[in-house]
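# Examination of the molecular architecture
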Amino acid sequence: MMPFSRRLLAGLCIGVLLNTGAVVVAHAQQGPGGDQGDEDKAKERDKKDDEWNDRQLSLKKLHAEGPCPYVKVLYDAARFHEFKDNKETSSAAQWTGEINGVNSDCAYKGGDPIQVGVDIGFSLGRGAEADGQTKIYHYWVAVTERDKTVLAKQEFELPVTFSAGEQRKDLNTRIDGIVIPRKDATISGSNFEVLVGFDVTPEMAEFNREGKHFRFVSSDEQKKQ
């Protein structure tokens, strides 16, 4: 993965307030609930899963000597909706997405950098007006000084293929290797936030701010109805 410092926001001045240095992230990987590839891809994925699990366990074994950074979903970018001809109706729905929540862990000691891992839950939908079976969703992860400067932001792709007749797919993605350098040991994780959101248009952001909500039910939920 490309380091966060390659995708800095306009006007970014890293290290001005807390001298944090460059913030980096290792990679993202889709967890249970994703699509199956061919045999070679499956073997490669299994290999990456093993490596992934090793890193995840290694992170959790380390001790955080202070609070972890706050991790949350940006409300304006928590949901993704595409409607044909901008008609906000179920019959015109093309693609939808929702970030259900995030879980995180961190590790640091002394003046060492803060290491953060984040698990993101997605619910993704395909409507009657969708073009094809596959959609590449775009989302981002940003590191900020709490309530202040955005230090870095990186975008990720989440390709999802729906089966015939499938309207909703739930899956999890793990972002590991977020590293936040610190000036010294007096700077704790509580000085930082890790924000997550979809790459949305201004119209989508307004849709979210107005509290509108559109979500397909899963096959299991349909059976319970």
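Please read all numbers here as calculations on a predicted model, not as lab measurements. (Residues numbered from 1 in each chain as written. Predicted model: local features only at pLDDT ≥ 70, side-chain atom pairs only at ≥ 80, totals over all residues. Heavy atoms only, no water.)

### With respect to the pairing of strand β6 (residues 134-145)
Where burial is concerned, most of β6 is hidden: nine out of the 12 residues are buried. Examined bridge by bridge, β6 and strand β7 (residues 150-161) share 11 bridges and lie antiparallel to one another. For Val 141, the partnering residue across the bridge sits in β7 and is Gln 154. Counting the residues in the hairpin turn of β6 and β7 gives four residues, including Asp 147, whose phi is positive at 60 degrees. (Buried < 20%, exposed > 50% of the residue type's maximum accessible area, 1.4 Å probe, protein only. Helix = DSSP H or I, 4+ residues; strand = E, 2+ residues; numbered from the N terminus. Pairing = 2+ DSSP bridges.)

### Concerning the state of the cysteines
What the rule picks out here adds up to one disulfide. Between Cys 68 and Cys 106 runs a disulfide, and the two sulfur atoms are separated by 2.0 Å. Between Cys 68 and Cys 106, the S-S dihedral sits near -85 degrees, and the bridge is therefore left-handed. In this pair, Cys 68 sits in the loop between α1 (39-61) and β2 (70-73) while Cys 106 sits in strand β4 (residues 93-107), placing the two residues 38 residues apart along the sequence. (Disulfide = S-S within 2.5 Å.)

### Notes on unusual backbone geometry
Most peptide bonds take the trans configuration, and most residues that are not glycine carry a negative phi. Phi angles above zero are rare outside glycine, and Asp 85 is one such case at about 55 degrees. In this structure, Asp 85 sits in the loop between β3 (79-83) and β4. For Asp 85, a relative accessible area of 58% puts it in the exposed group. The phi angle at Asn 86 is positive, at roughly 60 degrees, despite the residue not being glycine. With respect to the helices, strands and loops of the structure, Asn 86 is situated in the loop between β3 and β4.

### Digging into the environment of Ser 190
Topologically, Ser 190 is positioned in the loop between β8 (168-180) and β9 (192-198). Linking Ser 190 and Tyr 70, residues 120 residues apart in sequence, is a C-alpha distance of 6.6 Å. For Ser 190, the residues in contact, after removing those within four places along its chain, are Pro 67, Cys 68, Tyr 70 and Arg 146. Among the polar contacts made by the side chain of Ser 190, one reaches the side chain of Ser 188 at a distance of 2.8 Å. (Contact = heavy atoms within 4.5 Å. Polar contact = N/O pair within 3.5 Å; in protein donor to acceptor, adjacent residues only side chain to side chain.)

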